[in-house]
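Structural characterization, general
What follows is the residue order along each chain.
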Amino acid sequence: IATSSEQSICQARASVMVYDDASKKWVPIKPGQQGFSRINIYHNTANNTFRVVGVKLQDQQVVINYSIVKGLKYNQATPTFHQWRDARQVYGLNFASKEEATTFSNAMLFALNVLSSPDSGGEAASDFHLIYFIYLIKLR
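Being a predicted model, the structure only gives us computed values, none of them experimental.

1. Focus on the side chain of Asn44
Note on placement: Asn44 falls in strand β3 (residues 37-44). In terms of polar contacts, Asn44 uses its side chain to reach the side chain of Ser5, at 3.4 Å.

2. Things to note about the packing of aromatic side chains
A complete count under the given rule lists nine aromatic pairs for this structure. Seen in terms of ring centroids, Tyr19 and Trp26 are 5.4 Å apart; in terms of plane orientation they differ by 70°. Their pairing is edge-to-face. Grouped by ring-pair contacts, the aromatic residues Tyr66, Tyr74, Trp84, Tyr91, Phe95 and Phe104 constitute a single cluster.

3. Notes on the pairing of strand β8 (residues 90-95)
Among the six residues in β8, five count as buried, and that is most of the element. As paired strands, strand β1 (residues 6-20) and β8 are joined by five bridges and run antiparallel to one another. Looking at the pairing, Ser15 lines up with Asn94 of β8. Here strand β7 (residues 81-85) runs beside β8; their pairing, made up of five bridges, is antiparallel. Bridge pairing in β8 links Phe81 to Asn94. From the end of β7 to the start of β8, which pair antiparallel, there are four residues.

4. What to know about the nonpolar core
Ranked by internal contacts, the top residues of the largest apolar core, which has 29 residues, are Ile41, Phe50, Val52, Ile68, Trp84, Phe104 and Met108. Breaking this core down by element, the ones donating at least two residues are β1, β3, β4 (49-56), β5 (62-68), β8 and α1 (98-116). No other element matches the nine residues that α1 contributes to this core. When near neighbours in sequence (up to four residues on either side) are disregarded, Trp84 contacts Val52, Ile64, Tyr66, Leu72, Lys73, Tyr74, Gln89, Val90, Tyr91, Leu93 and Met108.

5. Re unusual backbone geometry
Negative phi values dominate among residues other than glycine, just as trans dominates among peptide bonds. The residue Lys24 is not glycine, and still its phi comes out positive at about 60°. Within the fold, Lys24 resides in the loop between β1 and β2 (25-28). The class of Lys24 is exposed, set by a relative accessible area of 57%. For Asn48, which is not glycine, the phi dihedral falls at a positive 55°. In this structure, Asn48 sits in the loop between β3 and β4.

Conventions and cut-offs
- Throughout, residues of each chain are indexed from 1 in the direction in which the sequence is written.
- Where local features are concerned, this predicted model is filtered to residues with pLDDT of at least 70; where side-chain atom pairs are given and counted, the filter is 80 or more; whole-chain, interface and lining totals use all residues.
- Here the side-chain values reflect all heavy atoms present in the structure, with hydrogen atoms and water set aside.
- Strands are runs of DSSP state E lasting at least 2 residues, helices are runs of H or I lasting at least 4, and numbering of each runs from the N terminus.
- Under the rule applied, a polar contact is a pair of N or O atoms within 3.5 Å (in protein, one hydrogen donor and one hydrogen acceptor; residues adjacent in sequence only if both atoms are side-chain atoms).
- A pair of Phe, Tyr and Trp rings is counted when the ring centres sit within 6.5 Å of each other, with Trp represented by its six-membered ring. The angle between the planes then sorts it: under 30 degrees is stacked, over 60 is edge-to-face, the rest tilted.
- Accessible area is worked out with a 1.4 Å probe on protein chains only. A residue is then buried under 20% of its type maximum, exposed over 50%, and partly exposed in between.
- DSSP calls a pair of strands paired once it identifies at least 2 bridges connecting them.
- Note on terminology: a nonpolar core comprises buried Ala, Val, Leu, Ile, Met, Phe, Trp, Tyr and Cys residues joined through side-chain atoms within 4.5 Å.
- Contacts: residue pairs with any heavy atoms within 4.5 Å of one another.

Structural data, given as C-alpha cells:
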C-alpha cells in the first residue's frame, strides 16, 4: 500500500464509517462490510503529503485512501470515535480502544500541524518528523 517514499507514522484498528444523510446514521464505508480495518497514516517524505489508508483485517481490501489536506477539521467526538469531513462526505473512525484512538489522533494532529506550518516542505518537515518519532518513543 505504501510507496517507497512513504512511511507509516501510526497504525490503529478502527471501523471506517461514513455519515448517511438520508437515514441520519453512521454506516460502514463499504456497504455490508462491518468489522475492523488496520488504519495507517502515511507520510510521503518526498513531497510532504499525508494520507489515511484503511485495509480490512478480514480480507485485506482497501476501504479508505484519503489525502489529508491543509485545514482539514478533525473532531474527536468521543474518546473512541473521531470524525472529519470534506465537501462530499463525513468520515468516522470507531476505534478498538482509547489508546489506539489517541495514537491515531496524535498522528493526525501532527500531520495537520506540518501541513499548516509556513515551511511545510523539505528539511524542516523531515526534522519535525524525526522529532515526532522521538516524542512517540518517549510516550511508551
